[in-house]
Amino acid sequence: DAERKVSDALALAFFAVRPEEKPAALLTLFNRVVKTGEQAIVFVATRHHVEFVAELLKHIGLAVSHVYGTQDPTARKINLGKFKAGKTRALV
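Residues numbered from 1 in each chain as written. Predicted model: local features only at pLDDT ≥ 70, side-chain atom pairs only at ≥ 80, totals over all residues. Heavy atoms only, no water.

Novice: What exactly am I supposed to notice about helix α2 (residues 47-59) here?
Specialist: One turn of the α-helix equals 3.6 residues, which is why residues spaced by three or four share an orientation. Taking 1.5 Å of rise per residue, the 13 residues of α2 would be expected to cover 18 Å, and the 18 Å separating its terminal C-alpha atoms lies within 8% of that figure. By the burial criterion, the buried members of α2 are V50, V53, A54, L56 and L57. The buried residues of α2 occupy an angular sector of 160° when projected down its axis, which confines them to one face. In this structure, α2 carries H48 and H59 as exposed residues pointing more than 90 degrees from its buried face. (Helix = DSSP H or I, 4+ residues; strand = E, 2+ residues; numbered from the N terminus. Expected span 1.5 Å × (residues − 1). Buried < 20%, exposed > 50% of the residue type's maximum accessible area, 1.4 Å probe, protein only. Arc of directions from axis to C-beta.)

See the structure below:
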């Protein structure tokens, strides 16, 4: 089914980084690896991390959507919709 097919353009990467270097590594990835116009999904462990990373990326001028398990379903749907429509570069 076409809606569940994974795009051939999808790239997956995993980086092992010291905990204290994670924010700098993420910013470096967005500045040097994720090209303008490309989108990225950032997975984190908790709602606190979602909010922290989203604010960090917004601080450098990126349009960011964020979702987490206890988020209001309407807000979650809106944020996912923004990312799917290409209005934000990152989904945390």
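Still to come is the rest of the account.
Novice: Please explain the packing of helix α1 (residues 22-32) against α2 as it appears in this structure.
Specialist: What describes two packed helices is the angle between their axes and the distance between those same axes. For the pair α1 and α2, the least separation of the axes is 11 Å and the interaxial angle reads 45°. The angle between the axes of α1 and α2 places the two elements in the oblique class. Note on packing geometry: the crossing formed by α1 with α2 is right-handed. Between α1 and α2, the contacting residues are P23, L26, L27 and F30 on the first element and F52, V53, L56 and L57 on the second. When its residues are assigned to classes, the contact of α1 with α2 shows 8 nonpolar, no polar and no charged. (Axes fitted to C-alpha atoms, helices over the stretch in contact; angles between N-to-C directions. Parallel < 35°, antiparallel > 145°, perpendicular 65-115°, else oblique. Left-handed = near helix turned anticlockwise from the far one by under 90°. Contact = heavy atoms within 4.5 Å. Nonpolar A, V, L, I, M, F, W, Y, C, P; charged D, E, K, R; others polar.)

Novice: What's the story with the nonpolar core in this structure? I'm lost.
Specialist: The nonpolar side chains of soluble globular proteins are, as a tendency, buried together. Judged by nonpolar contacts, the single largest core of 16 residues is most densely connected at L26, F30, V42, V53, L57, V64 and V92. Of all the secondary-structure elements, those providing two or more residues to this core are α1 and α2. No other element matches the 5 residues that α2 contributes to this core. Beyond its immediate chain neighbours, meaning those up to four positions away, V64 contacts A54, L57, K58, T88, A90 and V92. (Core = buried A, V, L, I, M, F, W, Y, C linked by side-chain atoms within 4.5 Å.)

Novice: Help me understand the sheet that holds strand β1 (residues 40-41), please; the structure alone is not making it clear to me.
Specialist: Hydrogen bonds along the backbone pair up the strands of a sheet, which may run parallel or antiparallel. Ordered in space as β1-β3-β2, the 3 strands form an open sheet in which the pairing is parallel. For this open sheet the edge positions go to β1 and β2 (64-65), each flanked by a neighbour on one side alone. Relative to strand β3 (residues 90-91), β1 runs parallel, the two being bridged by 2 bridges. The residue of β3 that forms the bridge with I41 is L91. (Pairing = 2+ DSSP bridges.)

Novice: It is not clear to me how the pattern of salt bridges should be interpreted in this structure. Could you clarify?
Specialist: Between side chains of opposite charge, pairing is possible as soon as their charged atoms come close. All told, the structure shown has 3 salt bridges when counted by the stated rule. With its nearest N and O atoms 3.8 Å apart, the salt bridge here joins K58 to E55. Of this pair, K58 and E55 both sit in helix α2, 3 residues apart, which is roughly one turn of that helix. With a relative accessible area of 36%, K58 lands in the partly exposed category. (Salt bridge = Lys/Arg side-chain N within 4 Å of Asp/Glu carboxyl O.)

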